[in-house]
Amino acid sequence: MRNLEDELFPSTPGKVKIERAHAISRQFHRCFASTSTMFLWALFLIALTASYLSFQSFVDTSSKYFHASWGGMHWERQIRNSAQPRRQNGYSVLVTGASGFVGSHVSLALRRRGDGVVGLDNFNSYYDPSLKKARKALLSSHSIFIVEGDINDSRLLAKLFDVVPFTHVLHLAAQAGVRYAIENPASYVHSNIAGLVTLLEACKSADPQPSIVWASSSSVYGLNDKVPFSELDRTDQPASLYAATKKAGEEITHTYNHIYGLSITGLRFFTVYGPWGRPDMAYFSFTRNILQGKPITVYRGKDHVDLARDFTYIDDIVKGCLGALDTAEKSTGTGGKKRKPAQYRIYNLGNTSPVTVPNLVAILERHLKVKAKKNVVEMPGNGDVPFTHANISLARAELGYKPTTNLETGLKKFVKWYLSYYGYNPRGGHLVFFP
């Protein structure tokens, strides 16, 4: 038997060394070849993965492009067609909040007199979006194109101004309502402040710069107890966050006017009402609840004083908006730089005839032919003010503004629209909704 040494060390060491060297070399080459193959396969897999990710990114980008709510040649063509004036020296107006209450009415008035109109609206759910969609359908039937988007979208705004050299911007988009601010304060900052700044940034950079008319609010008068409210009165005591954001808007617009030469007109609306109105407004919710046999809550001020509002019919507000647009001077900036001072104005748009809430209810009862079930309670500290009353002498003198519709006549028209839009079965005492 071979001893352990023979097992460990063969008798022909030279031959074994050579064979071992060849074997190691072959193993090394096989290993190297295998490693090279694996490396190549790894590179191939990496390249394949990268190609797939690039393709997927392209598909996602393309999908977003083709399915975006704005953009593309067809979209641009629709924008241009809608913005094209139909009368000599007509305007091209961008209306924000165009599917809102005031926005839809003014858009129709502009179109009917031959101006070009493009609407912008985000169709938020502050109140029933189906009403906004119905307004949009009405505008579409008059060849007014509505872009679904947000005023905080700077890319969208830049694109709109790139496609159309708007002569005017009517900025009506805002988070409305006094009491809702307690539930969702951030929405007021987002829309009424951040959104306004984003829009003004787009306007200052546009070439040409448009003239701007925008909706402030009578709520900026806040705790002011001097009546009627005049544009010269103090507005540094807001009673609600909504009022504070509108006051901030007035300061912001003044800044952009001063620095960039934007022509800006602010309109302080006083309690606008009428057909196609906002469901969160008292006259609207009162009508709904009265017809449904539900009680309505009527607030009363301190010492049992009835609340009063300067209710202003929508047609009168539309006339004020048109007057502001027609008398707006051109902006004086170019390329974001002011060449000379630009026009800056603020006006009250009201009816000048405040009516108490109990009288409002009595008028609705007459037109609806239904008695209201009233719960009279003290006004909570939610930001509402006890009264509003507009001094419109400045708007009358400079805009030719003259309201002609009293509350009795205006509510009659509203009730007629309400019953037509929602339907009502007097015998059943309930609403019949139509799609």
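Per an unreviewed UniProt entry, the protein goes by the name UDP-glucuronate 4-epimerase and belongs to Rhynchospora pubera. Heading Subcellular location (unreviewed entry) of the UniProt record for the protein holds this comment: "Golgi apparatus, Golgi stack membrane".

Draft legend 1. Seen up close, the overall build of the protein. Secondary structure assignment for the protein yields 14 helices and 17 strands. When each of the 435 residues of the protein is scored for burial, the buried share is 48%. In the protein, 81% of the contacts between residues at least 6 apart in sequence involve partners at least 24 apart. Per element, the accessible surface of the protein, about 22,400 Å² overall, is 58% carbon and sulfur.

Draft legend 2. View of helix H14 (residues 407-422). In a regular helix each residue adds 1.5 Å, so 16 residues correspond to 22 Å; H14 covers 22 Å between its end C-alpha atoms and thus fits that length. Turning to H14, its buried residues are Leu407, Gly410, Leu411, Phe414, Val415, Trp417, Tyr418 and Tyr422. Down the axis, H14 shows its buried residues gathered within 170 degrees of arc, on one side only. Residues of H14 that are exposed and point more than 90 degrees away from the buried face comprise Lys412, Lys416 and Ser420. Just downstream of H14, Gly423 is the residue with a positive phi angle, here 80 degrees.

Draft legend 3. Examining the nonpolar core more closely. Counting residues in hydrophobic clusters, the biggest one holds 71 residues, and the most contacted among them are Val102, Phe269 and Tyr283. What Tyr283 contacts, discounting residues up to four positions off in sequence, is Phe101, Val272, Tyr273, Gly274, Gly277, Arg278, Leu360, Leu364, Leu411 and Phe414. Ile79, Leu94, Leu160 and Val164 belong to the second-largest nonpolar core, a separate cluster that totals 32 residues.

Draft legend 4. Expanded view of the pattern of salt bridges. Evaluation of the coordinates by the stated rule reveals 14 salt bridges. Among the salt bridges present, the one from Lys159 reaches Glu76, with a minimum N-O distance of 2.8 Å. Here Lys159, found in helix H6 (residues 154-163), pairs with Glu76, found in helix H3 (residues 73-83); they are 83 residues apart in sequence, far enough to count as distant. Where Lys226 meets Asp233, a salt bridge forms, and the shortest distance between an N and an O atom there is 3.1 Å.

Draft legend 5. Structural context of the packing of helix H10 (residues 282-291) against helix H12 (residues 357-368). At a closest axis distance of 11 Å, the pairing of H10 and H12 adopts a crossing angle of 45 degrees. Classified by the angle between their axes, H10 and H12 sit oblique to one another. Crossing geometry of H10 relative to H12 is assigned as right-handed. Of H12, the residues touching H10 (which contributes Tyr283, Phe286, Thr287, Ile290 and Leu291) are Val357, Leu360, Val361, Leu364 and Leu368. In the contact of H10 with H12, the residues fall into 9 nonpolar, 1 polar and no charged.

What counts and how
- Residues numbered from 1 in each chain as written.
- Predicted model: local features only at pLDDT ≥ 70, side-chain atom pairs only at ≥ 80, totals over all residues.
- Heavy atoms only, no water.
- UniProt positions renumbered as here; feature names shortened; annotations may be inferred.
- Helix = DSSP H or I, 4+ residues; strand = E, 2+ residues; numbered from the N terminus.
- Buried < 20%, exposed > 50% of the residue type's maximum accessible area, 1.4 Å probe, protein only.
- Contact = heavy atoms within 4.5 Å.
- Areas by Shrake-Rupley, 256 points an atom, 1.4 Å probe, with all protein chains shown as cover.
- Expected span 1.5 Å × (residues − 1).
- Arc of directions from axis to C-beta.
- Core = buried A, V, L, I, M, F, W, Y, C linked by side-chain atoms within 4.5 Å.
- Salt bridge = Lys/Arg side-chain N within 4 Å of Asp/Glu carboxyl O.
- Axes fitted to C-alpha atoms, helices over the stretch in contact; angles between N-to-C directions.
- Parallel < 35°, antiparallel > 145°, perpendicular 65-115°, else oblique.
- Left-handed = near helix turned anticlockwise from the far one by under 90°.
- Nonpolar A, V, L, I, M, F, W, Y, C, P; charged D, E, K, R; others polar.

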